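Report on the structure
What follows is the residue order along each chain.
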Amino acid sequence: MAQSPRRDGPPSVHHVAARAGVSLATVSNVLNHPERVRPATAERVQTAIAELGYTPNRNARALVAGSSRAIGLVVMSLRNSLFSDMVSGAQLAARARDRTLLITSSEDDLRAQGDHLASLESSRVSGILLATMTESRDQVELTRRHGRPVVYVNYEPAEVDACSVVVDNEQAGFIATEHLIAQGCRRIGFVSARLDLQPVHRRRAGVLRAVAAHPGVALIDVDAGDIDPPGGTDAGARIARMSADERPDGVLGVTDLLAMAVVTELRAAGLRVPEDIPVSGCDHNSIAWGGAVPLTSVTMHGAEMGAAAVELLLAELTDAPDTHVHRTVVIGSELVPRESTIGRSAAAAAARAAACAPSDLRRTEP
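The paragraphs below set out a description of the structure included in this document. (Residues numbered from 1 in each chain as written. Predicted model: local features only at pLDDT ≥ 70, side-chain atom pairs only at ≥ 80, totals over all residues. Heavy atoms only, no water.)

**Quick word on the pairing of strand S1 (residues 70–75)**
Of all the six residues making up S1, six are buried; the element is thus mostly covered by neighbouring parts of the structure. Two strands pair when backbone bridges link them, and S1 and strand S2 (residues 100–105) are joined in this way by six bridges, in the parallel orientation. Note that in S2 the partner of Gly 72 across the bridge is Leu 102. Where S1 lies against strand S3 (residues 127–131), five bridges are found, and the strand directions are parallel. Within S3, the residue paired with Val 75 across the bridge is Ala 131. (Buried < 20%, exposed > 50% of the residue type's maximum accessible area, 1.4 Å probe, protein only. Helix = DSSP H or I, 4+ residues; strand = E, 2+ residues; numbered from the N terminus. Pairing = 2+ DSSP bridges.)

**Observations concerning the nonpolar core**
Membership of the largest hydrophobic core comes to 71 residues, with the highest contact counts inside it found for Leu 129, Val 165, Val 191, Leu 266, Val 279, Val 298 and Met 305. The dominant element in this core, judged by the number of residues it contributes, is helix H12 (residues 302–318), at seven residues. Discounting chain neighbours no more than four positions away, the residues touching Val 191 are Val 222, Ala 224, Ala 235, Ile 239, Val 251, Leu 252, Gly 253, Val 254, Leu 258 and Val 262. (Core = buried A, V, L, I, M, F, W, Y, C linked by side-chain atoms within 4.5 Å. Contact = heavy atoms within 4.5 Å.)

**Some thoughts on helix H2 (residues 24–32)**
Note: α-helices contain 3.6 residues per turn, so residues at a spacing of three or four share the same orientation. Within H2, burial applies to Thr 26, Val 27 and Val 30. Projected onto a plane normal to the axis of H2, the buried residues spread over an arc of 100° and lie on a single side. The elements touched by buried residues of H2 are helix H1 (13–20) and helix H3 (39–52). (Arc of directions from axis to C-beta.)

**A word on helix H10 (residues 229–241)**
The terminal C-alpha atoms of H10 lie 19 Å apart, and with 13 residues this matches the ideal 18 Å at 1.5 Å per residue to within 8%. Residues of H10 that are buried: Gly 231, Gly 232, Ala 235, Gly 236, Ala 237, Ile 239 and Ala 240. As for H10, its buried residues are in contact with strand S6 (187–192), strand S7 (218–223), strand S8 (250–253) and helix H11 (256–268). (Expected span 1.5 Å × (residues − 1).)

**Re the packing of aromatic side chains**
Per the counting criterion, the structure on display carries one aromatic pair. Taken together, a centroid distance of 5.6 Å and an interplanar angle of 35° make the contact between Tyr 152 and Tyr 155 tilted. Of the two residues examined, Tyr 152 and Tyr 155, each falls in the buried class. In this structure, Arg 209 is placed above the aromatic ring of Phe 174, and the distance from its NZ or CZ to the ring centre is 4.1 Å. Positioned above the aromatic ring of Trp 289, the side-chain terminus of Arg 338 is 4.7 Å from the ring centre. (Phe/Tyr/Trp six-rings, centres within 6.5 Å; stacked < 30°, edge-to-face > 60°. Lys NZ or Arg CZ within 6 Å of the ring centre and 35° of its normal.)

**A word on the packing of H1 against H3**
Two numbers describe how H1 lies on H3: the axes approach to 9 Å, and their chain directions differ by 125°. Between H1 and H3, the crossing angle belongs to the class labelled oblique. Crossing geometry of H1 relative to H3 is assigned as right-handed. Contact residues: His 15, Val 16, Arg 19 and Ala 20 in H1; Arg 44, Val 45, Ala 48, Ile 49, Glu 51 and Leu 52 in H3. Classifying every residue of the contact of H1 with H3 gives six nonpolar, one polar and three charged. (Axes fitted to C-alpha atoms, helices over the stretch in contact; angles between N-to-C directions. Parallel < 35°, antiparallel > 145°, perpendicular 65-115°, else oblique. Left-handed = near helix turned anticlockwise from the far one by under 90°. Nonpolar A, V, L, I, M, F, W, Y, C, P; charged D, E, K, R; others polar.)

Here it is, written out as structure tokens:
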């Protein structure tokens, strides 16, 4: 009878082989190629596995295979519900395809993003989803040279040929601005910062398009310095100090956190929202929904973006390298009107807002 090896830790294949009275190669075949093992022998090995509580070392198996069934996801920040929704959608889609999702957050730090990509590579993930808002060509090209496909989420790359999933941010800025104009606003204050971030740049393009379509409507850019709440607090205080004839009569924050901080400052200064100044956000961030005035915003469909990104990545892993065609999936947006722009009794304004919101649109571009 084979002697059991010393147990100094969790059970290993050595313990399984000793308990079943077979070689290590036989245990490996039972785990990876059961068709090569006689049923009686395989049953003996499986019994030993159950009795010992042995769990295969996935990392070790990935090292041998070169990759695992895990997918990596690097998000810009988990503090924004857009990205947490992406995680949820990607995780459900990965699980449905018998894949595991490994999640990291760069917290808007490009160096940290690169470290996370390298860490996921070392974990032998089969591919990576990168939810960023900035150009990341060097990091992505390095990862791809190492044999890991990368799919962008919330960013459409111009600098590298890759699959991507994006929300139509220009349309988001357009319909939010159209909604403010429908409320009678003629001086639109656009509170934003970081035009180097692709979603910010594209939302502003949508704002400009809406303003240009309405003669007599003017755009007032209000630089918040950053897209975090302190920037909105400063911008809101500056708007409140403006004279009535120069102050915006409607405000759009490029993010909900900026918009909510503006609402707080305007109310602190004695200005009513929405009666004096309607205020809208633009990224449907649930973290900003706890203010005194429910905030109008635009849907981003983060869960659908995450799920679509998983499907693109799995398609790239399945396709032959010389036949795969990189695609961009564009997901539409809808306005969600709330009291920060329409008030509790403005049913007519709500109807006009609904007319501004297109139906959800998802399209794929080669």
